[in-house]
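Okay, here's what each chain looks like letter by letter:
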Amino acid sequence: MSRPIPASLSAGRRLPNIWDGLAIACVFAGIVALVHVTPETFMPIDAPDAIAVSLDPSNLPEYAIRTTLRMFMALFASLVFTFTVAPLAAKSRRAGLILVPILDILQSVPILGFLTFTTAFFMGLFPGQVAGLELAAIFAVFTSQAWNMAFSMYQSLTTLPPDLVEASRAFRLSGWQRFWRLEVPFSMPGLVWNMMLSMSGGWFFVVASEAITLGDKTWTLPGIGSYVSVALEQRSMTSIWWAIMAMFVVILAYDQLLFRPLVAWSAKFRMELTAGAVAQDPWVLKLLRRTHVLSVVMDAMGGLLQRFASLRLELPSFSAQERHDEPSKLGDGVFYTVTALVVGWAVWTIVNYVLSQNIGLGDVGEAVLMGFYTMIRVVVLIALASLLWVPVGVYIGLRPELARKVQVVVQFAAAFPANLFFPIFVILIVKYHGNSDIWLTPLMILGTQWYILFNVIAGASAFPGDLQEAAKNFRVGGLLWWRRVILPGIFPYYVTGAITASGGSWNASIVAEVASWGDDKLQAHGLGAYIAQATTDGNFARVVLGVAVMSAFVLGFNRVLWRPLYAYATRRLTL
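Here is what the cut-offs are and how they apply
- Residues numbered from 1 in each chain as written.
- Predicted model: local features only at pLDDT ≥ 70, side-chain atom pairs only at ≥ 80, totals over all residues.
- Heavy atoms only, no water.
- Helix = DSSP H or I, 4+ residues; strand = E, 2+ residues; numbered from the N terminus.
- Contact = heavy atoms within 4.5 Å.
- Areas by Shrake-Rupley, 256 points an atom, 1.4 Å probe, with all protein chains shown as cover.
- Buried < 20%, exposed > 50% of the residue type's maximum accessible area, 1.4 Å probe, protein only.
- Axes fitted to C-alpha atoms, helices over the stretch in contact; angles between N-to-C directions.
- Parallel < 35°, antiparallel > 145°, perpendicular 65-115°, else oblique.
- Left-handed = near helix turned anticlockwise from the far one by under 90°.
- Nonpolar A, V, L, I, M, F, W, Y, C, P; charged D, E, K, R; others polar.
- Salt bridge = Lys/Arg side-chain N within 4 Å of Asp/Glu carboxyl O.

Student: Teacher, can you tell me more about the overall build of the protein here?
Tutor: For the protein, the count of helices and strands is 26 helices and 4 strands. Here the analysis covers contacts within the protein between residues at least 6 apart in sequence; of these, 82% occur between residues at least 24 apart. Working note: accessible area of the protein is about 28,000 Å², and carbon and sulfur atoms make up 68% of it.

See the structure below:
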């Protein structure tokens, strides 16, 4: 019989210790930094220094806090969006027919397109205040994060193993319980990796998101992105190096404090854990486990979350497979009719507006031609990135220790804005009289190629160890191992990454096809440059036309290539 723990010893375990002091100090430091920058959000736009940007490096800590705060607010909104839209698209056949194409279109809309359409709305919520500009910038960052995360969870829910679904039914879990106890945990490993990449994607577009234009007025919000923009305009290489160092420090900080613990936590949701697949806990988790007071607080919060997930709430059953009945032909007819009418009305509204702005068939033809230029770049770059990063991602993903080491390196590489390469590309192209259509092309893939690498790493990390052992015991190796073992296992993850990388490359074209360094400006032929030039000229009709053509290209590309591959992965290659 075990001996009871003395009351004095039990009470001593609840007293704060040195680790509590360190953890609480970090928390309070974050609160102080947040309180320091928050009042500036509600200042009038016309107030002195409200939106002024200085290249003095001493301002970079404050700029870094403001930029990071915008990104985490956008990340929280992206999580809410993901947990709402992805399950609906995965569980409802009819909702999926609408939501998946909408996500395809939205991930292709350039960030300048979102800013053009939404700035007036957000500024109207807080007239004359910096808060309106902040909301516009946060929404712009949200548009660079949400679609990737939604596609990741959608992929996980559509490839949920049938035996796990049957087990949830055998245990009579309610719809609410199954969502939080089965579906969310199953999708968590891939979602965490895509959250990291979404944060990096926000950094990639941070220069554009912190420059808000409405009509003939442009406001620049203080932040690292605006700091980079001013440095490029003034040809200050010293300031650019300061910005790079600030970015590295910030990315390293939230990787250590947030994402490494999240990756370690999400590892327990893998379908199985072999002896060699368990990675060591990061130092942050070890520190938190050594605390006394914070451990009690976290245990209490965990208990509340457990009760929240255990509520017996019955969610609507959307899928025909769950209801064990055939889809209603009448319902499908009504659904398709209404959808066709709405799509027709939207297309007619866009066409009517464009035609009313003296945009003729020649302008439409020019936009379509520019779209083909950009499409060729996207196809070539995605193919090259796949050949390079699929083998690398598999090698890293099958080695948890290595994956943990390269995690922050890949995050930093993915976060590196293409604008920071402008000096190198512009100087070399001008000096050697290079072709802008060719040598500006790599800028499109700098930030988006990592979607492929991250998703392949996530797929390889989630690959069941027992299948690896079976392949090893049967001595399956070489090309046969790639064709029959690992590629089928990671294929759904790869397709998710390739879809997002493809859409992100179209989005990045607006940054990559126009490069400037001081007075030197280079422009390639493409739809991104077309939209960027229309935005600079304040030609709203051409912006609408360019965005519409880009959305049509991406939607057609996904319908012809990526979606059939995704359906094949879901139907034939689910483990």
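Student: What is the right way to read unusual backbone geometry from this model?
Tutor: Glycine aside, negative phi is the norm for most residues, and most peptide bonds take the trans geometry. The phi angle at Arg172 is positive, at roughly 55°, despite the residue not being glycine. Here Arg172 shows up in the loop between α8 (162–170) and α9 (175–204). Overall, the relative accessible area of 68% leaves Arg172 in the exposed class. We note that Arg235 has phi near 55°; this positive angle belongs to a residue other than glycine. Here Arg235 is to be found in the loop between α11 (224–233) and α12 (237–266). A relative accessible area of 39% means that Arg235 is categorised as partly exposed.

Student: Would you mind showing me how to read the packing of helix α3 (residues 60–91) against α9 here?
Tutor: Closest axis-to-axis distance for the α3/α9 pair is 10 Å, and the angle between their directions is 140°. By the criterion of interaxial angle, the relationship of α3 to α9 is oblique. The hand of the α3/α9 crossing is right-handed. Between α3 and α9, the residues in contact are Thr67, Thr68, Met71, Phe72, Leu75, Leu79, Thr82, Phe83, Pro87 and Lys91 and Phe179, Trp180, Glu183, Val184, Leu191, Met195, Met199, Gly202 and Trp203, respectively. In terms of residue class, the contact of α3 with α9 is made up of 13 nonpolar, 4 polar and 2 charged.

Student: Help me out: how do you make sense of the pattern of salt bridges in this one?
Tutor: Should their charged atoms come close, side chains of opposite charge can pair. In total, this model carries 11 salt bridges according to the counting rule given. The closest approach of N and O atoms between Arg70 and Glu134, which form a salt bridge, is 2.6 Å. In this pair, Arg70 sits in helix α3 while Glu134 sits in helix α6 (residues 130–143), placing the two residues 64 residues apart along the sequence. The pair formed by Arg70 and Glu134 is uniform in burial state, with each residue classed as buried. Glu366 is the partner of Arg542 in a salt bridge, and the nearest nitrogen-oxygen pair spans 3.8 Å. Here Arg542, found in helix α26 (residues 540–572), pairs with Glu366, found in helix α17 (residues 361–397); they are 176 residues apart in sequence, far enough to count as distant. Residues joined by salt bridges that share partners form a network here, namely Arg66, Arg70, Glu134 and Glu210.

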